[in-house]
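As a plain string of letters, each chain reads:
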Amino acid sequence: MHLDLGPDEMIFFGSSVGMLRWLDEQLPPSSVVLVEEPDVIRRRGGDRLVAGLPVISRALAVQYQTGLDVDALLAREPGLADARLVVPGTEYAVTAVARLADRLGLPGAGPQAAEVFTDKHRIRRTAAAAGLANPAYALVTDPREAAVFADRFGGRCVLKPTRRAGSLGVQLITDREQIGPAWAATAAPEESPEATDRGMPSQVLVEQTLVGPEYSVELLVADGEVRFANVTDKRVLPGRCPVETGHTVPSALPLAQQAELVTVSTRLAAAAGFRTGVLHSEWIVADGTPTLVECAARLPGDMITALLAAAYECGFIGAYLDLLRGGRPALPARPSGAAAVEFLLAPPGTVTAIDGVRDALRAPGVLSVELDVRVGDTVGEVVSSTRRSGHVLTWGADPAEATRTARHAAGLVRISVG
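Below, the structure is looked at part by part.

Criteria and thresholds
- Each chain has its residues counted from 1, running along the sequence as written.
- Given that this is a predicted model, residues contribute local features only at a pLDDT of at least 70 and side-chain atom pairs are listed and counted only at 80 or more, while totals for whole chains, interfaces and linings are drawn from all residues.
- Side-chain metrics in this entry use all non-hydrogen atoms of the structure; hydrogen atoms and water are not considered.
- By definition, any uninterrupted DSSP run of H or I lasting at least four residues is a helix, any uninterrupted run of E lasting at least two residues is a strand, and each is numbered from the N terminus.
- This radius of gyration counts C-alpha atoms alone. The globule rule is 2.2 Å times how many residues there are, raised to the power 0.38.
- Partly exposed residues are those whose accessible area sits between 20% and 50% of the maximum for their type, while under 20% is buried and over 50% is exposed, using a 1.4 Å probe and protein chains only.
- Any two residues whose heavy atoms approach within 4.5 Å at even a single point are treated as in contact.
- Each pair of strands is called paired provided DSSP finds at least two bridges between the two strands.
- To define axes, lines are fitted to C-alpha atoms, for helices over the stretch in contact only, and angles between the resulting N-to-C directions are given on a 0 to 180 degree scale.
- Each cavity reported here is a set of points on a 1 Å grid over the protein atoms alone in which a 1.4 Å probe fits but cannot get out, each pocket an open set with protein on both sides within 12 Å along at least five of seven lines, and each lining residue one with an atom within 4 Å of a point.
- Grid points are joined across faces, edges and corners, and a volume is the space filled by probe spheres set on the points.
- Three classes are used: nonpolar for Ala, Val, Leu, Ile, Met, Phe, Trp, Tyr, Cys and Pro, charged for Asp, Glu, Lys and Arg, and polar for all others, with Gly counted as polar.

## Overview of the overall build of the protein chain
For step 1, the next point in the chain: Across its full length, the protein chain carries 14 helices and 19 strands.
For step 2, the next point in the chain: A compact globule built from 418 residues should have a C-alpha radius of gyration of about 22 Å, and the protein chain, at 21 Å, falls within 12% of that.
For step 3, the next point in the chain: Overall, the C-alpha framework of the protein chain stretches about 55 × 50 × 45 Å when taken along its three principal axes.
For step 4, the next point in the chain: The buried share among the 418 residues of the protein chain stands at 55%.

## A short note on the environment of tryptophan 183
For step 1, the next point in the chain: Among the secondary structure elements, tryptophan 183 is positioned in helix α9 (residues 179-187).
For step 2, the next point in the chain: The spatial distance from the C-alpha of tryptophan 183 to the C-alpha of aspartate 142 is 7.9 Å, given a sequence separation of 41 residues.
For step 3, the next point in the chain: Ignoring anything within four residues of it in the chain, the contact list for tryptophan 183 reads Val140, Thr141, Asp142, Pro143, Ala146 and Val204.

## Details of the sheet that holds strand β3 (residues 56-61)
Paired through their backbone hydrogen bonds, the strands of a sheet run either parallel or antiparallel.
For step 1, the next point in the chain: Read from one edge of the open sheet, four strands run β3-β2-β1-β4, paired in parallel fashion. Lying at the two open borders of the sheet, with one neighbouring strand each, are β3 and β4 (85-88). Ignoring which end each strand starts from, the neighbouring axes of this sheet average 20 degrees apart.
For step 2, the next point in the chain: Across four bridges, strand β1 (residues 10-13) lies against strand β2 (residues 32-36) in parallel orientation. Bridge assignment links methionine 10 to a residue of β2, and that residue is valine 32.
For step 3, the next point in the chain: Contacts from helix α5 (residues 94-104) reach β1 and β4 within the one sheet, and its direction differs from that of β4 by about 170 degrees.
For step 4, the next point in the chain: Against the sheet, helix α12 (residues 316-324) engages β1 and β4, with an angle of about 130 degrees to β4.

## Comments concerning empty space enclosed by the protein
For step 1, the next point in the chain: Applying the stated rule across the entire model yields two cavities of 30 Å³ or more.
For step 2, the next point in the chain: Its boundaries defined by the atoms lining it, the largest cavity holds a volume of some 120 Å³.
For step 3, the next point in the chain: As for the largest cavity, its lining consists of 17 residues, of which Pro88, Val97, Gly108, Ala109 and Ala297 are closest to the centre.
For step 4, the next point in the chain: Counting residues per element, the ones that place at least two in the lining of the largest cavity are β4, α5, β12 (277-286) and α12.
For step 5, the next point in the chain: Of all the elements, α5 adds the most residues to the lining of the largest cavity, at four residues.
For step 6, the next point in the chain: Tallied by class, the residues present in the lining of the largest cavity amount to 13 nonpolar, three polar and one charged.
For step 7, the next point in the chain: Estimates place the volume of the second largest cavity at around 40 Å³.
For step 8, the next point in the chain: Taken together, Ser15, Leu34, Glu36, Val40, Ile41, Arg44, Gly46, Leu49 and Ala59 make up the full set of residues lining the second largest cavity.
For step 9, the next point in the chain: Elements represented by at least two residues in the lining of the second largest cavity include exactly β2, α2 (38-44) and α3 (46-52).

Set out below in structure tokens:
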């Protein structure tokens, strides 16, 4: 990546440690101003983070997740007006970044699109108005209303909070009697480490359960024009909490079906008035029809950016940042191979031993093995992406080989709990 940035020329919202480390490897020292919630800075050791990453010039404690006062921020920090790009590091930063970028005249999603894509109910309404396939859905205020909705579909439904990420609070209900006991986990879900302690306002959305294979579509968009598109195969955990367990780039779908997914994703972007950046949408092909799951106006998580970089042999994040600076990067139209990630899912308990990491690293096609737990850590039930225990990243000549290698290597890592 070749971004010629001077001091304080990038404003980065949210302490996404992985992304900040990547920036530290790619950008000059002191080129990034980190904006983070005061309580998140305290909780995550913001001072140590800044000291350990020369790319960060300073960290600003700002309340932004529940509504950014742009005028107050610029009055307090007038030097921010000279920034050349504003970047969201987490889901909870998307709307604040869009507002600030719009005020500074910099490329971004746009305030309207940011508001749409951070509210799952507004996403549904926008998709419906554009004629895109949605499951049946409704906002509900209590378990009784959700049960009445589920009765229309044999007692089955999906409960999800309207403003959360990483599968937090998403539950697949198979019997209406489960709704009461499950309600609190959706209406007041546990918070991710990136979220402010003030709480994120949210509502409960109940949806018809979709059955079919799941995919995501990653678009790079510049002033409403799609510059790059990819379809990713997704694997999810069976059962109540559909947490993602793996991804493969590119999809193994025939090109015609991939093109159909890109088309509906492009229509969704246009319907929301999305301007510039990355759009990551998720779809289930139900009865042959791509049906919307949800969408985010930010870089995808779950290592998908690493898979894109490997499969297309490109600097995907660098291209995204170039877009936000007003550039028009050229990315390959077709991948040169395939890449996959398989997540490590330890059973609940206290970790007593971790074995097989060296064996996994030595397996042909393995690019990396990362662990998110250590001996002595307590592991809970996998109810969101934050509860996974690590991942294996692999390469293959085609999607089938990359996926097969990832699953094999993940199976070599044994996390024992007591």
